[in-house]
Amino acid sequence: MSETSRRGPSAGAASPPPPMRDALVAAAFRLFLKRGYERTTVDDIVALAGVGRRSFFRYFPSKEDVVFPDHERCLAEMKEFLDADPGDDHGADRGPDDPVRRVCDAARLVLRMYAENPTFSVQRYRLTKQVPGLRAYELSVVWRYERALADHLRGRFRDRPDGILHADVIAAAVVAAHNNALRSWLRADGRGDADAEVDRALAYVRRSFGEAAPADGPAAGAEAADAEAADARTAETATGPGAGQAAEDVVVVVSRRGAPMWRVVREIEAAWSDG
């Protein structure tokens, strides 16, 4: 896999966040870590940041949004990337346009957002595990990423009899694989090669769903090489903190058909906490 592919797609350069926005996020997390999320108010945050309530709500609709300050930007970048012509990827030799590869590359934009600031990402991960309301908020964010991937695939598979089902299953698999690897990296305190972890997980999705050539064809050989390279990179970084945690990466929950979504989410949270 080329370095361009391994590191994820290129996106248009986004303007840096306003300094006031950064100050609000920094103040919020200082208070969250000191007092706890529930005991921190918006008034506390703006007082520490030295701005007014109106300034806070200009950047963040709610206190929950300050915990996830970059997801709106990342979601916009993902949609822009998916809507762009694959040939626009700065001249990269990407081979035949494969929709599954496209959405896998789009998912790497989320990884890049987390990897830009490992310390902040780990702090947010720990905070989210402690606050049920934030876990529910995070699930809604994940769902929006999944819908963006599914909408793209639905358009690509619209001529297939099972196009909608195919698209939705692949989108869910991409998100699950990406988040499995991402959480493993976060549990290791942001140490290790996050790209290698995600490459390995997404290679599994592409082997399962990608529009590859027959098993003895050149495309299949390229897929196998990608998977082997990802496995090798993961093995090289598996000796530090977090190594040996792979068994904790997957949570399986069995729920009654027709159960309300809130009950399913509660069962998932309980299973995750027990892990």
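Residues numbered from 1 in each chain as written. Predicted model: local features only at pLDDT ≥ 70, side-chain atom pairs only at ≥ 80, totals over all residues. Heavy atoms only, no water.

**Notes on helix 2 (residues 19-35)**
Helix length check: helix 2, at 17 residues, gives a terminal C-alpha distance of 24 Å against a target of 24 Å (1.5 Å per residue), a fit within 8%. Taken as a whole, helix 2 has its buried residues at Arg21, Leu24, Val25, Ala27, Ala28, Phe29, Leu31 and Phe32. Taken together, the buried residues of helix 2 touch helix 3 (42-49), helix 4 (53-59), helix 5 (63-67) and helix 8 (118-130). Just beyond helix 2, the residue with positive phi is glycine 36, at close to 105°. (Helix = DSSP H or I, 4+ residues; strand = E, 2+ residues; numbered from the N terminus. Expected span 1.5 Å × (residues − 1). Buried < 20%, exposed > 50% of the residue type's maximum accessible area, 1.4 Å probe, protein only. Contact = heavy atoms within 4.5 Å.)

**Focus: the environment of glutamine 130**
Inspection of the secondary structure puts glutamine 130 in helix 8. On the basis of relative accessible area, glutamine 130 is assigned to the exposed category, the value being 62%. Between the alpha carbons of glutamine 130 and glycine 36 there is a distance of 9.3 Å; along the sequence they are 94 residues apart.

**Thoughts on the packing of aromatic side chains**
Applying the stated criterion across every chain yields a total of 6 aromatic pairs. Relative to phenylalanine 32, the ring of phenylalanine 29 has its centre 5.6 Å away and its plane inclined at 70°; by these criteria the two rings are edge-to-face. With phenylalanine 29 and phenylalanine 32 both in helix 2 and 3 residues apart, this pair spans about one turn of that helix. Both residues of the pair, phenylalanine 29 and phenylalanine 32, count as buried. (Phe/Tyr/Trp six-rings, centres within 6.5 Å; stacked < 30°, edge-to-face > 60°.)

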